[in-house]
Amino acid sequence: MDKTDLKILNALQADARISLKALADQCFISSPAISARITRLKKSGIIRDYQANLNFEKLNYHIKAYIQLQLEPTQKERFYPFVAGIPNILECDCVTGEYSQILKVIFESTQALDEFVNQLQTFGKTSTQIVFSTSVPNRGLTLPDDHDMSKINH
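These numbers come from a predicted model, not from an experiment.

### Thoughts on the side chain of aspartate 5
- Within the secondary structure, aspartate 5 sits in helix 1 (residues 3-14).
- Here aspartate 5 is in contact with Arg37, Arg40 and Leu41, once residues within four sequence places are set aside.

### Describing the pairing of strand 3 (residues 101-107)
- Most of strand 3 is tucked away: six of the seven residues are buried.
- When strand 1 (residues 63-69) meets strand 3, the two strands line up antiparallel, connected through seven bridges. Each bridged residue has a counterpart across the sheet, and for glutamine 68 the counterpart in strand 3 is isoleucine 102.
- As paired strands, strand 2 (residues 89-94) and strand 3 are joined by five bridges and run antiparallel to one another. Following the sheet pairing, isoleucine 89 is matched in strand 3 by valine 105.
- Linking strand 2 to strand 3, which pair antiparallel, is a turn of six residues; within it glycine 97 sits at a positive phi near 110 degrees.

### A closer look at unusual backbone geometry
- Phi angles above zero are rare outside glycine, and phenylalanine 28 is one such case at about 60 degrees.
- Structurally, phenylalanine 28 can be placed in the loop between helix 2 (20-27) and helix 3 (31-43).
- Assessed through its relative accessible area of 71%, phenylalanine 28 is described here as exposed.
- Despite not being glycine, asparagine 60 has its phi angle at roughly 70 degrees, a positive value.

### Description of helix 1
- Helix length check: helix 1 (twelve residues) gives 17 Å between terminal C-alpha atoms against 16 Å at 1.5 Å per residue, within 8%.
- What helix 1 keeps buried is the set Thr4, Asp5, Leu6, Ile8, Leu9, Asn10, Ala11 and Leu12.
- For helix 1, the capping residue at the N-terminal end is aspartate 2, with a side-chain oxygen 3.1 Å from the backbone nitrogen of threonine 4.

### Some details on the UniProt feature "domain: HTH asnC-type" (unreviewed entry) in the protein chain
- UniProt marks residues 1-62 with the feature "domain: HTH asnC-type" (unreviewed entry), using the numbering shown here.
- Secondary structure within residues 1-62 divides into 53% helix and 0% strand; the distance between the first and last C-alpha atoms comes to 40 Å.

### Describing the sheet that holds strand 3
- Taken in spatial order, the four strands of this open sheet run 2-3-1-4, and their pairing is antiparallel. Strand pairing shows two members of the sheet lacking a second neighbour, strand 2 and strand 4 (126-130), which therefore form its edges. Taking each pair of neighbouring strands and ignoring which way they run, the sheet shows an average axis angle of 15 degrees.
- Sheet analysis places strand 1 next to strand 4, joined by five bridges and oriented antiparallel. Note on strand 4: the bridge partner recorded for isoleucine 67 is threonine 128.
- Across the sheet, helix 5 (residues 110-120) lies against strand 1, strand 2, strand 3 and strand 4, angled at about 15 degrees from strand 1, the strand it touches most.

### Let's talk about the environment of glutamine 13
- As for its position among the elements, glutamine 13 is in helix 1.
- C-alpha of glutamine 13 to C-alpha of isoleucine 47: the two residues are 34 residues apart in sequence and 9.8 Å apart in space.
- Those residues in contact with glutamine 13 that sit more than four places away from it in its chain are Gly140 and Leu141.

The rules behind each value
- Residues numbered from 1 in each chain as written.
- Predicted model: local features only at pLDDT ≥ 70, side-chain atom pairs only at ≥ 80, totals over all residues.
- Heavy atoms only, no water.
- Helix = DSSP H or I, 4+ residues; strand = E, 2+ residues; numbered from the N terminus.
- Contact = heavy atoms within 4.5 Å.
- Buried < 20%, exposed > 50% of the residue type's maximum accessible area, 1.4 Å probe, protein only.
- Pairing = 2+ DSSP bridges.
- Expected span 1.5 Å × (residues − 1).
- Polar contact = N/O pair within 3.5 Å; in protein donor to acceptor, adjacent residues only side chain to side chain.
- UniProt positions renumbered as here; feature names shortened; annotations may be inferred.
- Axes fitted to C-alpha atoms, helices over the stretch in contact; angles between N-to-C directions.

Next comes the structure, spelled out in C-alpha cells:
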C-alpha cells in the first residue's frame, strides 16, 4: 500500500464509477497499472464492494431511525438471520453498553417503523431515535497521503 493506492481508494470512495483513464491521469500511471492495483486491493479485502448511494426520500422512505436493542447472547443465533433478511435495515452493529445491538433503519412511515420495532421487541428491550436531519451524510473515510501504511493489514 502506497500513496498511489491511497489516491485510488479516495477517488473510488468519492465516485466508484470513475474511469480507469481518469484515475490514471490523477495518479500519473497507466490505466493497466490502475486496473492491476484495484484488482490487488479487491483481492486483499481492502475494497469490499461497490454500491450506489441512494436518495431514500425520493424513493418514499422518509423515516430514518436508530434502534438500540438489548439482546441476550443466546439469541444471536436466531437474531442475526432475522435482521439479515430485513431490507429496511441499512446497518446492524454489535456494540458495548446497555444495548448490545444498534440498527440503522429506513421506513416509509412511522407506522411501518412501529410495526418493525414491535417485531424487534420479541428479542428484547428497544430504544428508538428518529432522525430529524443529517449534518454529515454517509461517506467514506478520506485517507491522508501521509497515512502510516505500515499499520495497514495486507
